[in-house]
Amino acid sequence: MISTGITPSGIFHIGHLREILTGDMLTRAALDAGMEAKMIFIIDSADPLRKVYDFLAAEYEDYIGHPIGAIPAPGPDGKPSDGGNYGEHFLAPFVAALSQIGVAPRLVDNYQSYLEGRFNPAIRTFIDKREQAREIIERVSGRELEEDWFPFNPVGSDGSMDGVVVTGHDWPVIHWRDSLGVEGSCNLGETGIFHGKLPWRLDWPAKWAWLGVTCEPFGKDHGAAGGSYDTGCELSALLDYQSPLPLTYEWIQLKGMGAMSSSAGITIGPLEALRLVPPEILRYLIARNKTNRHIDFDTGDALIELADEYERLLGRIAQEGDEMADDLNRRQKVAWEVDRAQIRLSQVKRGTQPDLSATAVSFRHLAMLAQIRERDDDIWDSLHSSHHLAAPQASTTLAKRLDCIRVWIGSEHFPDGFRLRIQSQPSAAALENLTPEGRDYLRALAAEFAECEWNIDSISNAICELAKEHEIELRQAFIFLYWIFLDQHYGPKMASLLFELPRSEVVALLGAVVTE
């Protein structure tokens with residue numbers, strides 16, 4: 001049993017996907033190897049609300065210390081509303097994102113598990129062995145527990161677990177006094193009532209035991225020396241349970257802003273990410289990186305590089321075929337297998353073959369077309385004319401990819417360096433950067449463009465051959481053209497760009513430049 005989980009205390013960000021996608025890929029790899037494997041996703045909704053986050057109104061002060069699964073969801077104004085509970089409110093978009101990336105774990109609600117008494121055997125054991133539990137936590141973590149520490153946090157009279165002190169116990173009854181001075185008791189034998197929960201360092205191994213967890217990926221904070229995994233290993237022995245195999249992972253960072261944090265406002269949500277990035281590319285982001293390496297998630301230039309890398313790898317694998325060559329050395333054999341595993345684990349649905357139509361058109365080229373042509377059908381016609389597609393229609397994968405690109409172009413995340421500003425008349429900068437030799441070259445190019453076949457090869461040949469004939473460095477020739485057509489010194493492949501523009505407009509703009 002492979003376990004993942006999270007506390008739905010606020011807005012989920014794409015960083016949260018690393019744990020559950022790592023768990024999903026472990027599960028798939030085990031199944032592919034012929035092993036039995038299942039994955040669960042634990043919703044830690046029994047955890048208390050720890051503070052009033054920036055996105056919450058001050059009224060949530062009244063709910064600090066209350067279990068997340070039992071407090072109202074915030075409305076648009078951040079105030080408590082009547083529309084469902086807090087945990088489900090923040091969890092729902094994340095679960096929707098999981099379905100889009102092909103992750104379908106068994107969901108385990110921790111708050112509900114406490115209501116059903118699932119933790120009672122572990123609670124009783126930890127109470128009976130509380131001195132051993134205390135010794136383990138203090139020795140392994142290096143921190144001293146409070147004198148009145150007890151291995152169970154009851155709910156007080158006001159619904160909060162904060163400041164509640166256990167004054168006595170006679171299983172299954174626990175006596176307490178809360179921060180208001182109110183005294184009371186709870187009977188853990190009564191199910192359907194949330195009486196309280198285990199402290200985190202006990203709650204985690206208790207979940208391992210009752211759910212039968214054998215492997216779990218978790219963040220580097222839990223895996224640090226003296227962290228909750230180290231204490232969990234020894235505490236699980238008190239429950240006569242073997243702790244699961246660990247897999248510690250590094251964080252996903254938002255490029256240039258550091259590790260993602262909902263409370264710090266450094267975030268991009270999973271659903272927002274999936275509107276920008278095709279699901280197989282998002283899965284590839286996780287599959288291509290070792291878990292001990294942090295990931296920079298960049299919705300700008302690097303997104304194009306990531307997508308192009310995926311497409312190049314997919315194309316190379318398709319070309320190489322499924323049979324490993326006999327003359328590969330050990331290192332090459334490992335790389336051969338890793339490449340195929342990365343592509344296999346990047347597919348949304350396990351066991352499906354990747355759509356090779358994605359390799360016919362690069363993400364970069366599609367981003368260019370989406371800025372030039374408003375209608376999707378015009379893009380498919382263009383790709384057919386340029387021989388990228390065998391027919392003027394797209395596969396489902398390619399169509400979804402175009403949808404993502406259009407959203408990306410219209411968002412704040414689209415890099416300015418890739419944004420096209422097609423010129424209709426000569427700009428001041430284009431004229432300033434033009435030399436007398438350049439004018440002669442462009443005059444000859446305009447004449448050639450007026451007569452040549454209007455395809456990418458002919459356009460490219462004209463640019464290159466005339467540059468050589470006029471003794472102009474090819475790099476400088478392209479700079480002339482970028483200034484003329486984009487009002488900048490760089491851009492996409494010039495021949496591909498010009499092919500998408502009407503021949504008459506291209507010739508007219510070149511003519512206007514040389515006559516200025």
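Our subject is the structure listed above.
Presented here is a report on the structure given in the accompanying data block. Predicted, not measured: the structure shown is a model, and the values here were computed from it.

1. Considering the overall build of the protein chain
Stage number 1. When you go through the protein chain residue by residue, the secondary structure sums to 21 helices and 15 strands.
Stage number 2. Computed over its C-alpha atoms, the radius of gyration of the protein chain comes to 30 Å, more than 25% above the 24 Å expected for a compact globule of 516 residues.
Stage number 3. Counting only C-alpha atoms and orienting by the principal axes, one finds that the protein chain spans roughly 95 × 60 × 40 Å.
Stage number 4. Here the protein chain holds 516 residues, and the buried ones make up 48% of them.
Stage number 5. A separation threshold of at least 6 residues defines the contact pool for the protein chain, and within that pool the share at least 24 residues apart is 67%.
Stage number 6. Looking at the protein chain as shown, the accessible area adds up to about 24600 Å², and 48% of this sits on carbon and sulfur atoms.

2. What about the pairing of strand E8 (residues 173-177)?
Stage number 1. The alternating pattern of E8 places Ile174 and Trp176 on a buried face, while none of Val173, His175 and Arg177, on the opposite face, is buried.
Stage number 2. From the end of strand E7 (residues 165-170) to the start of E8, which pair antiparallel, there are two residues.
Stage number 3. Taking the residues that link successive antiparallel strands as the turn, the E8-strand E9 (residues 183-187) hairpin has five residues, and the phi of Gly181 there is positive, at about 90°.

3. Observations concerning the environment of Arg18
Stage number 1. Of note, Arg18 is situated in helix H1 (residues 17-32).
Stage number 2. In this structure, the C-alpha to C-alpha distance between Arg18 and Tyr249, residues 231 residues apart in sequence, is 8.0 Å.
Stage number 3. Residues contacting Arg18, with those up to four places away along its chain left out, are Tyr249, Glu250, Trp251, Ile252, Ile286, Asn289, Lys290, Thr291, Arg293, His294 and Ile295.

4. Overview of the packing of aromatic side chains
Each aromatic ring pair is described using two quantities: the centre-to-centre distance and the angle formed by the ring planes.
Stage number 1. Applying the stated criterion across every chain, the model contains 22 aromatic pairs.
Stage number 2. Aromatic side chains Trp204 and Phe218 sit 5.2 Å apart centroid to centroid with 85° between the ring planes, which places their arrangement in the edge-to-face category. A residue pair is termed long-range when its members are at least 10 positions apart, and Trp204 in helix H6 (residues 200-211) and Phe218 in strand E11 (residues 215-219) qualify at 14 residues. Residues Trp204 and Phe218 agree in their burial class; the two are buried.
Stage number 3. Ring pairs connect the aromatic residues Tyr53, Phe55, Tyr60, Tyr63, Tyr86 and Phe90, which therefore count as one cluster.

5. Here we look at H6
Stage number 1. Here H6 contains twelve residues, and its C-alpha end-to-end distance of 16 Å stays within 8% of the 16 Å for a straight helix at 1.5 Å per residue.
Stage number 2. Taking burial as the measure, the twelve residues of H6 include nine buried ones, the bulk of the element.
Stage number 3. Along H6, the positions that sit buried rather than exposed are Arg201, Leu202, Asp203, Trp204, Pro205, Ala206, Lys207, Trp208 and Leu211.
Stage number 4. Within two residues after H6, Gly212 carries a phi angle of roughly 70°, on the positive side.

6. Considerations on the nonpolar core
Stage number 1. Ranked by internal contacts, the top residues of the largest apolar core, which has 103 residues, are Tyr441, Leu442, Leu445, Phe449, Leu498 and Leu510.
Stage number 2. Top element by residues in this core is helix H19 (residues 474-486). It accounts for nine residues.
Stage number 3. Ignoring anything within four residues of it in the chain, the contact list for Leu445 reads Ala462, Ile463, Leu466, Leu481 and Leu510.

7. Digging into the state of the cysteines
Every disulfide links exactly two cysteines, by a covalent bond between their sulfur atoms.
Stage number 1. By the definition in use, this model includes zero disulfides.
Stage number 2. Among the cysteines around Cys233, which has no disulfide bond, Cys215 carries the closest sulfur, lying 12 Å off.
Stage number 3. Using a relative accessible area of 24% as the deciding quantity, one classes Cys233 as partly exposed.
Stage number 4. Between Cys452, a cysteine without a disulfide, and Cys464, which holds the nearest cysteine sulfur, the sulfur-to-sulfur distance is 13 Å.

8. Brief notes about a negative patch on the surface
Stage number 1. A surface patch of negative charge is lined by Glu59, Glu61, Asp62 and Asp77.
Stage number 2. Along the chain, Glu59 turns up in the loop between strand E2 (39-43) and strand E3 (72-74).
Stage number 3. For Glu59, a relative accessible area of 36% corresponds to the partly exposed category.

9. Thoughts on the sheet that holds E8
Stage number 1. One open sheet holds the three strands; their spatial order is E7-E8-E9, and the pairing between them is antiparallel. Two strands in the sheet have a free side with no partner beyond their single neighbour: E7 and E9. When the angles between neighbouring strand axes are averaged without regard to direction, this sheet yields 25°.
Stage number 2. In this structure, E7 lies alongside E8, joined through five bridges in antiparallel fashion. The residue bridging Val165 from the neighbouring strand is Arg177, located in E8.

10. Let's talk about the pattern of salt bridges
Stage number 1. This structure, assessed with the given rule, holds 27 salt bridges.
Stage number 2. Across the salt bridge formed by Asp24 and Arg28, the nearest N and O atoms sit 3.2 Å from each other. Placement of the pair is Asp24 and Arg28 together in helix H1, with a separation of four residues, close to one helical turn. Assigned by exposure class, Asp24 and Arg28 land together as buried.
Stage number 3. Across the pair Asp378 and Arg375 runs a salt bridge, and its minimum N-O distance is 2.8 Å.
Stage number 4. Accessibility expressed as a relative area gives 28% for Asp378, which makes it partly exposed.

What counts and what doesn't
- Residues numbered from 1 in each chain as written.
- Predicted model: local features only at pLDDT ≥ 70, side-chain atom pairs only at ≥ 80, totals over all residues.
- Heavy atoms only, no water.
- Helix = DSSP H or I, 4+ residues; strand = E, 2+ residues; numbered from the N terminus.
- Rg over C-alpha atoms; globule rule 2.2 N^0.38 Å.
- Buried < 20%, exposed > 50% of the residue type's maximum accessible area, 1.4 Å probe, protein only.
- Contact = heavy atoms within 4.5 Å.
- Areas by Shrake-Rupley, 256 points an atom, 1.4 Å probe, with all protein chains shown as cover.
- Pairing = 2+ DSSP bridges.
- Phe/Tyr/Trp six-rings, centres within 6.5 Å; stacked < 30°, edge-to-face > 60°.
- Expected span 1.5 Å × (residues − 1).
- Core = buried A, V, L, I, M, F, W, Y, C linked by side-chain atoms within 4.5 Å.
- Disulfide = S-S within 2.5 Å.
- Patch = residues over 30% accessible without salt bridge, like charges linked within 9 Å, V, L, I, M, F, W, Y side chains within 5 Å.
- Salt bridge = Lys/Arg side-chain N within 4 Å of Asp/Glu carboxyl O.
- Lys, Arg positive; Asp, Glu negative; His and termini not counted.
- Charge placed at Lys NZ, Arg CZ, Asp CG, Glu CD.
- Axes fitted to C-alpha atoms, helices over the stretch in contact; angles between N-to-C directions.

So, to be careful, I would describe these as geometric facts and stop short of saying anything about function.
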